[in-house]
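# Structure assessment
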Amino acid sequence: MSNYLKPALGLLFLALAASFPASAVKGKTDTDKSDVLGNWSFQTRPYRDGQCVMTGTMNLSPHPDEGRYSCEITAVEMCTMWGRSVVRQSCDARRFGNQVSVRSTIEEMIESKAPDLLYVPDNFTLTIQSHERMFGALVSAVTAPVEFRRANDGIS
């Protein structure tokens, strides 16, 4: 092959590679970090001097506005000093790049061990780590680190 054909073939190869969609080059093993719709479970780290922890579920569903989701949260707060509270909340989630902001409204106190306990809606600021994980903070009456994971199907 002559020396003047080598640069032309190199350019042809680059042009062909650029014409393939990125998804075809990356393959099917990559996950779409943008897909946050669906069921999630979450757990905070202990807060209130290690006396409380919150677990629960969140479902993100489509909303007509781009970057926005309708959602519902069921939060279970377990504290050694006042017992367990289970709260159903509706929420609005907004996405800004890899950040998700969740703002909740209490719909129903399903269970509360302390009748005079004032429960504040559970809001979250999250960073999307992958298709299966978000990490951030509970921002409510207290602030605590929280991890969201894709919920496993079939668990009730």
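Structure first, text after, so check above.
Before going into details, it helps to say that this report is about the structure given with it. Given the structure is predicted, the values throughout are model-derived calculations rather than measurements.

## A few points about the side chain of Ser104
Residue position: Ser104 is located in strand 5 (residues 99–112). Polar side-chain contacts of Ser104 include one of 2.5 Å to the backbone oxygen of Asp122.

## A closer look at the environment of Val36
Looking at the secondary structure, you find Val36 in the loop between helix 2 (22–26) and strand 1 (38–44). Between the C-alpha atom of Val36 and that of Ser130, which follows or precedes it by 94 residues, the distance is 9.1 Å. Residues in contact with Val36, not counting those within four places in the same chain, are Leu60, Tyr69, Arg95, Ile128, Met134 and Arg150.

## Structural notes on the state of the cysteines
Chemically, a disulfide is nothing more than a covalent bond linking the sulfur atoms of two cysteines. Under the defined criterion, the tally for this structure stands at 2 disulfides. Disulfide pairing places Cys52 opposite Cys79 at an S-S distance of 2.0 Å. In this structure, the disulfide formed by Cys52 and Cys79 twists by about 120 degrees around the S-S bond and is classed as right-handed. Highlighted residues: Cys52 in strand 2 (residues 52–62) and Cys79 in strand 3 (residues 68–79), separated in sequence by 27 residues.

## Notes on the packing of aromatic side chains
Per the stated rule, a full pass over the model turns up 3 aromatic pairs. For the pair Phe42 and Phe124, a centre-to-centre distance of 5.2 Å together with 65 degrees between the ring planes defines the contact as edge-to-face. Linking Phe42 in strand 1 with Phe124 in strand 6 (residues 123–130), this pair joins segments that are 82 residues apart in sequence. In this structure, Phe42 and Phe124 share a single accessibility class: buried. Taking the centre distance of 5.1 Å and the plane angle of 85 degrees together, the rings of Phe124 and Phe148 count as edge-to-face. Taken together, the residues Phe124 in strand 6 and Phe148 in strand 8 (residues 143–150) connect sequence positions 24 residues apart. For the pair shown, Phe124 and Phe148 are each scored as buried.

Rules and cut-offs
Residues numbered from 1 in each chain as written. Predicted model: local features only at pLDDT ≥ 70, side-chain atom pairs only at ≥ 80, totals over all residues. Heavy atoms only, no water. Helix = DSSP H or I, 4+ residues; strand = E, 2+ residues; numbered from the N terminus. Polar contact = N/O pair within 3.5 Å; in protein donor to acceptor, adjacent residues only side chain to side chain. Contact = heavy atoms within 4.5 Å. Disulfide = S-S within 2.5 Å. Phe/Tyr/Trp six-rings, centres within 6.5 Å; stacked < 30°, edge-to-face > 60°. Buried < 20%, exposed > 50% of the residue type's maximum accessible area, 1.4 Å probe, protein only.

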